[in-house]
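# Survey of secondary and tertiary structure
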Amino acid sequence: MMTDVMEQSGGPTRPKAEQPAVNGSEPAVPLSPTAEAAGPAEARTGTEEPSASARIVQIRERIDEIDHALITLWQERAALSQEVGVTRMASGGTRLVLSREREILERFRVALGADGTQLALLLLRAGRGPL
Ligand SMILES: O=C(O)C(=O)C[C@]1(C(=O)O)C=C[C@@H](O)C=C1
């Protein structure tokens, strides 16, 4: 699991040698005195302020639930989409139905804007594989 707090630049806040082990056990290299002074809450949430840190931990629980649901739904959708394709082709039909893809792209664009279109393209690709 990635536990490092990312700066806005996207890079980890600590050098590689100070990152905790991936499996959650003690880091192979001990934290430097500077990193330790920042405290574990800072390392986990990006703030040393206790109430902000506690709220962030709480919000993250829901974010993790949502991510889990998204992954599960993504996988279920891909499997269903593949089943539709197999069923259609086995009956002599086409691999794709572009009118249906356009309908889905439009649904996501209306709901989420340009990012929705990109998301729908990824969803469709997950179901039918790359063209
Ligand atoms: O709805 C279909 O006919 C499907 O095959 C599923 C699906 C999709 O993933 O939503 C996949 C490929 C098609 O081109 C259109 C849609």
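Residues numbered from 1 in each chain as written. Predicted model: local features only at pLDDT ≥ 70, side-chain atom pairs only at ≥ 80, totals over all residues. Heavy atoms only, no water.

An unreviewed UniProt entry annotates the protein chain as Chorismate mutase originating from Micromonospora jinlongensis.

## A closer look at the site of the ligand
The full set of residues close to the ligand is R77, S81, V84, R88, L96, V97, R100, E101, I104 and L124. S81 has a polar side-chain atom sitting 2.7 Å from an oxygen atom of the ligand. Take E101: an N or O atom from its side chain is 2.5 Å from an oxygen atom of the ligand. Relative to its unbound accessible surface of 360 Å², the ligand loses 90% to contact with the protein. (Near = heavy atom within 4 Å. Polar contact = N/O pair within 3.5 Å; in protein donor to acceptor, adjacent residues only side chain to side chain. Areas by Shrake-Rupley, 256 points an atom, 1.4 Å probe, with all protein chains shown as cover.)

## A few points about the side chain of T47
In this fold, T47 is placed in the loop between α1 (33-45) and α2 (50-90). Among the polar contacts made by the side chain of T47, one reaches the main-chain amide nitrogen of E49 at a distance of 3.1 Å. Excluding residues that lie within four positions of it along the chain, T47 makes contacts with A41, E42, A52, S53 and I56. (Helix = DSSP H or I, 4+ residues; strand = E, 2+ residues; numbered from the N terminus. Contact = heavy atoms within 4.5 Å.)

## Digging into the nonpolar core
Among the nonpolar cores identified, the biggest contains five residues, and these are I104, F108, A120, L123 and L124. Only α3 (98-112) and α4 (114-128) provide two or more residues apiece to this core. Top element by residues in this core is α4. It accounts for three residues. In this structure L123 touches W74, R77 and F108, once residues within four positions along its chain are discounted. (Core = buried A, V, L, I, M, F, W, Y, C linked by side-chain atoms within 4.5 Å. Buried < 20%, exposed > 50% of the residue type's maximum accessible area, 1.4 Å probe, protein only.)

## Regarding a nonpolar patch on the surface
Residues W74, L112, L119 and L122 make up a contiguous nonpolar surface patch of roughly 340 Å² in combined accessible area. Position of L119 relative to the elements: it lies in helix α4. (Patch = residues over 30% accessible without salt bridge, like charges linked within 9 Å, V, L, I, M, F, W, Y side chains within 5 Å. Salt bridge = Lys/Arg side-chain N within 4 Å of Asp/Glu carboxyl O.)

## Describing the packing of α3 against α4
It is at 7 Å that the axes of α3 and α4 come closest, and there the two elements cross at 145°. Between α3 and α4 lies a crossing of right-handed hand. Listed contacts from α4 to E101, I104, L105, F108, R109 and L112 of α3 are A114, D115, G116, T117, L119, A120, L121, L123, L124 and R128. Considering only residue class, the contact of α3 with α4 consists of ten nonpolar, two polar and four charged. (Axes fitted to C-alpha atoms, helices over the stretch in contact; angles between N-to-C directions. Left-handed = near helix turned anticlockwise from the far one by under 90°. Nonpolar A, V, L, I, M, F, W, Y, C, P; charged D, E, K, R; others polar.)

## A look at the confidence of the model for the protein chain
A residue-level look at the protein chain finds 69% of positions with pLDDT of 70 or above and a mean pLDDT of 80. The lowest-confidence element of the protein chain is α1, averaging 66 in pLDDT; the highest-confidence one is α3, averaging 98. Taken as a whole, residues 1-26 scores under 50 in pLDDT and shows 33 contacts with residues more than four places along the chain or in a different chain. (pLDDT = per-residue confidence, 0-100.)

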